[in-house]
Structures are given as structure tokens and as C-alpha cells.
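Overview (structure and organization)
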Amino acid sequence: MPEIELSERHYELFSPPSDVRGMTKLDRTAFKKTVTIPVLKVRKEIVNKLMRSLKRVALQRPGIKRVIEDPEDEESRLIMLDPYKMFTDDSFEKAELSILKQLNVSPQVSKYNLELTYENFKSEEILRAVLPEGQDVTSGFSRVGHIAHLNLRDHQLPFKHLIGQVMIDKNPGITSAVNKINNIDNTYRNFQMEVLSGEENMITKVRENSYTYEFDFSKVYWNPRLSTEHSRITELFKPGDVLFDVFAGVGPFAIPVAKKNCTVFANDLNPESHKWLLHNCKLNKVDQKVKVFNLDGKDFLQGPVREELMQQLGRLSKERTHSVHIVMNLPAKAIEFLSAFKSLLDGQSCGSELLPIIHCYSFSKDANPAKDVQQRAEAVLGTSLDACSSVHLVRNVAPNKEMLCITFRIPAAVLYKNQTLNLEKHEEPPLKRQRTDKSFSKEKTEIA
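Here we summarise the structure given alongside this text. All of these numbers come straight from a predicted model, not from anything done at the bench. (Residues numbered from 1 in each chain as written. Predicted model: local features only at pLDDT ≥ 70, side-chain atom pairs only at ≥ 80, totals over all residues. Heavy atoms only, no water.)

**Concerning the overall build of the protein chain**
A count of helical and extended segments in the protein chain gives 13 helices and 17 strands. For the protein chain, buried positions account for 50% of its 448 residues. Relative to all contacts within the protein chain whose residues are 6 or more apart in sequence, the contacts with residues 24 or more apart total 69%. Of the roughly 22,800 Å² of accessible surface on the protein chain, a fraction of 46% belongs to carbon and sulfur atoms. (Helix = DSSP H or I, 4+ residues; strand = E, 2+ residues; numbered from the N terminus. Buried < 20%, exposed > 50% of the residue type's maximum accessible area, 1.4 Å probe, protein only. Contact = heavy atoms within 4.5 Å. Areas by Shrake-Rupley, 256 points an atom, 1.4 Å probe, with all protein chains shown as cover.)

Structural data, given as C-alpha cells:
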């Protein structure tokens, strides 16, 4: 029997009852179903030895025991067999029959009525049985502490409360399921959500890269899919370096960098993010290394950042060995904020190698997203970044929509007043290219 056909028939046998189709309020008792399974009767003392030899034909179904007690003989056990591999007693292969003979086990197969309940089905199987046939099934979600964050499609909304309860039932530690009901607000980077099932407490705790963060998920921005990116940026820092985190959120860049004995200036416009950022700095014992601000990103750049850069890049800059990084993680709008760097500083420019390194995030739907992000950054800054930038693919956000990070050393001709911009001759020392346009294209191909 072809493997695909066998798999489909196996699914049909172990799928929930057909009459749950269209259910909108979860009734767990409606998922009871009895299936007939072939079993092999064996003495209990040889079960372990025999199971190793019957791997091919033993029932492989998560949540169902492969060996059960014999209701008619306490000295025996019943081994559950795969009904699509064991049609008759003759379905055993020669090697299997040989082992049975050695252990004095009769190859005669009996039938056993196995009762399946709601507990025996996976979340995907339950939702596939309930939702209209042929429509997409949601079984994935973002986990934020005790909260399952779903992003349901329109056809799933009539079943939203059932879906939420199934997510809670089938995922240990999840006690609340929520659905996003609008896009992220660009001002505070949070979104409205609806509690589908479970507790309404949105104050949660998460662990990411060995650090602990607490926050009200309904009022701040948090994305568990950015864990790798947080690590990537953190690894660029050495003790003594300086970080300006323009859109810091609750601290996933600021706190790990501060732990590396760096000086951190962290800002967020959202008062709730600012509150939880202060809280998380104390929680992770870096509150003495992080200066926290509650300002608009432009005001932060033209105020505290400007003042600190004047000192960092001033007369003592020749003695400075540490690097200065500016992280701008607001993908929907961060590139617009690059204009704040134009003529930001007075005086004589420092050495090119001492200029701040910018990590600016953006979305792109362009066919060549790396080139698109670079060109948009160049348009805002009014200069070429060819010689001093690299673009890193962070993640695919949606079909034909990428999140990227462009990293470059801010040109002195942009940063300082009274500097002449020359797009033809202007060059800065190139950064170590973590991703060029070419490598980005290669990476995108590999991912696809």
C-alpha cells in the first residue's frame, strides 16, 4: 500500500468523530470514539524483550499506550499493533515470526476495542475536525509566558473561543489564549487583543537568553521570534562599549548589553514600556548601568544622545578604545528617524573609526529588500552607504514581507555640521560585513 494512502487512512482511523464538525462551544465528551485495534497477547515478563523486535508493527500513536493489561489474564499483556500493517496473522515478517517462535508466543492476532477521548487527540486534529472542511487550521501560536498569542483569520473567528480553549488544554503552562484584533500601533508598538479563553491576567514573565522580563503584554511590545536577533546584536558588544537604544521596549537589547559591563542609554516613548524597562533593569540587576528615558525617539537622539556623543567623540576621543552603537528597532518607521543624525554635532569630526555604528531595522516588500532598505536609508541621510553598510535578514514577517537590519557607521559628513557631502568621493572605513546584498540573496534562497 502506498505510504501516502496508508498515512491518510491512519489519520481517518485516529481522527475525532465526524459529528463535531461546526462545533463552536467546546464539548469534550463529543470526542469519544471507539476503534478496533489488532493486539498480540504475550506473557508480561517478555514484553520488553519482544517490543524491540516488533517496532515495525507496533502502534505508534502519541498518547496511547502500546502495551496494556489483559482484562482476562493478569499474567499477560496485550501489545497494540498498527491496524494498517497488521491485516492478518500472516502480516508478520519472517524475522518477527522467528522471534515469536523463540519466545514461545503465538502469532495469532486478536481484536481490541480501544476508546479514544478528547485527551487522545492533538490540537491540530481537533481543529481540523471542527473547522469547515478544506479551510486552514490554526495550531501554532507565539508563547509569551503563560499566554498563547494567536493571529486568527476571518474564517476562524466563529470558532475563536473553542480554538483558545483547545490551545490551553493541549499546551502545559498556557493558561490564557488571546487574539490580536488590530495591527500594531506605530506610536506605542502594542495592539488591541481579545482574551479568547482562560484567565484575563496579561502580566506575564518570560525567559529569553538567560534573562528574565516581566511586563503587561496587553500594553507593551514583545516578540518571542526576535530572540536570535537580540543575541546577534548583543554579541557585537565588548566590555566598556556604549549602547543608545532608541526604541528599547522592555529591555531585550539594553539588559543583555548592560550585563556585558557596557554603558546603556535606553529610551521608549510608551509609558508602560518605560515602567517595565525600569522594573526589568532592577530584576536583572543592571539598574546601575542603564539610564532610562521616556521620550520620543527624535527628542532622545537630539537631546541625551547628542549630549553624550559630544563627550564621547570630543577632545578625549583619541584615547577612546570602546565602540558606540545606536540600535533603532522600530521597523515600521525607524528609517525616518535617521534624519535626526543630520548635522547633529558641532565642532571638528573625530576619526572615522570612532564614529557611532547604527543598527536600523525596517520592513520591506521589495523584490530586492536589502537594496530597498539601503536606498531608503540613503535617501533620508542624503549620502551613499555603499562603502560602509551591511544588511542582515532578521526574519520573514509575512508572504513577501521581510524584516531587515541595516548596519553602518554614520558618515562624519552627515553627523557634523559644516561638513561637505560629496556623494562621489565620500567614503568611510567599511564595517565587517555580516550580510552584503549578495550574501543576503543567497541566504534568502537557502531559506526558501
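**Overview of the pairing of strand 14 (residues 324–328)**
Most of strand 14 is tucked away: five of the five residues are buried. Where strand 11 (residues 242–245) lies against strand 14, four bridges are found, and the strand directions are parallel. Counterpart to D245 in the pairing with strand 14 is V327. Where strand 14 meets strand 15 (residues 357–364), four bridges bridge the pair, whose relative direction is parallel. (Pairing = 2+ DSSP bridges.)

**Thoughts on the sheet that holds strand 14**
Overall, mixed pairing links the seven strands, which are arranged 13-12-11-14-15-17-16 in an open sheet. Two strands close off the open sheet at either side, each with one partner strand: strand 13 (290–293) and strand 16 (389–398). Between one strand axis and the next, the sheet turns through 15° on average, direction left out of account. In this structure, strand 12 (residues 263–267) lies alongside strand 13, joined through four bridges in parallel fashion. The residue of strand 13 that forms the bridge with A266 is V292. Docked against the sheet, helix 6 (residues 227–234) engages strand 14, strand 15, strand 16 and strand 17 (401–409), running at close to 160° with respect to strand 15. Relative to strand 17, helix 11 (residues 369–381) is tilted by about 50°, and along the sheet it contacts strand 15, strand 16 and strand 17. (Axes fitted to C-alpha atoms, helices over the stretch in contact; angles between N-to-C directions.)

**Some points on helix 11**
Its 13 residues place the ends of helix 11 18 Å apart at the C-alpha level, agreeing with the 18 Å of an ideal helix rising 1.5 Å per residue. When helix 11 is considered as a whole, its buried residues turn out to be P369, A370, D372, V373, Q374, A377, E378 and L381. A positive backbone phi angle near 75° is found at G382, which sits one or two residues after helix 11. (Expected span 1.5 Å × (residues − 1).)

**What to know about unusual backbone geometry**
Across residues other than glycine, the phi torsion is negative in most instances, and most of the peptide bonds are trans. Positive phi outside glycine occurs at N261, with the angle close to 65°. Take N261: it is sitting in the loop between helix 7 (254–259) and strand 12. In the Ramachandran plot, N400 falls in the positive-phi region, its phi being about 65° despite a non-glycine side chain. Structurally, the position occupied by N400 is in the loop between strand 16 and strand 17.

**Focus on the sheet that holds strand 3 (residues 73–80)**
Spatially, the four strands line up as an open sheet ordered 2-3-1-4, and their pairing is antiparallel. Looking at the sheet topology across the chains shown, the edges are occupied by strand 2 (67–70) and strand 4 (109–116). On average, each strand axis in the sheet is tilted by 45° relative to the strand beside it, whichever way the strands run. In terms of strand pairing, strand 1 (residues 33–43) meets strand 4 through eight bridges, oriented antiparallel. Looking at the pairing, I37 lines up with Y112 of strand 4.

**Some points on the nonpolar core**
Core analysis: the largest hydrophobic core is formed by 42 residues, its most contacted members being M328, L338 and F341. Every element with two or more residues in this core is listed here: strand 11, helix 9 (297–312), strand 14, helix 10 (334–337), strand 15, helix 11, strand 17 and helix 12 (412–415). Once residues lying within four places of it in the same chain are set aside, the contact partners of L338 are M328, I358, C360, A377, V380, L381 and F408. (Core = buried A, V, L, I, M, F, W, Y, C linked by side-chain atoms within 4.5 Å.)

**Here we look at the packing of aromatic side chains**
Scanning the model with the defined rule gives seven aromatic pairs in all. On the numbers, 5.4 Å between centres and 50° between planes, the contact of F293 with F300 is tilted. Three or more aromatic residues link up through ring pairs in this structure, and these residues are Y213, F215 and W222. Stacked on the ring of Y118, the Lys or Arg R28 has its end atom at 5.6 Å from the ring centre. A cation over a ring is seen here: K401 above F363, with NZ or CZ 4.4 Å from the ring centre. (Phe/Tyr/Trp six-rings, centres within 6.5 Å; stacked < 30°, edge-to-face > 60°. Lys NZ or Arg CZ within 6 Å of the ring centre and 35° of its normal.)

**Some details on a positive patch on the surface**
Taken together, K49, R52, K55 and R66 make up a surface patch of like positive charges. By the secondary structure assignment, K49 is in helix 2 (residues 47–51). (Patch = residues over 30% accessible without salt bridge, like charges linked within 9 Å, V, L, I, M, F, W, Y side chains within 5 Å. Salt bridge = Lys/Arg side-chain N within 4 Å of Asp/Glu carboxyl O. Lys, Arg positive; Asp, Glu negative; His and termini not counted. Charge placed at Lys NZ, Arg CZ, Asp CG, Glu CD.)

**Digging into the pattern of salt bridges**
By the definition in use, this model includes 17 salt bridges. Notably, a salt bridge pairs E75 with K44, separated by 4.0 Å at the nearest N-O pair. Note that E75 is positioned in strand 3 and K44 in the loop between strand 1 and helix 2, a separation of 31 residues in sequence. By relative accessible area, E75 is classed as partly exposed at 42%.

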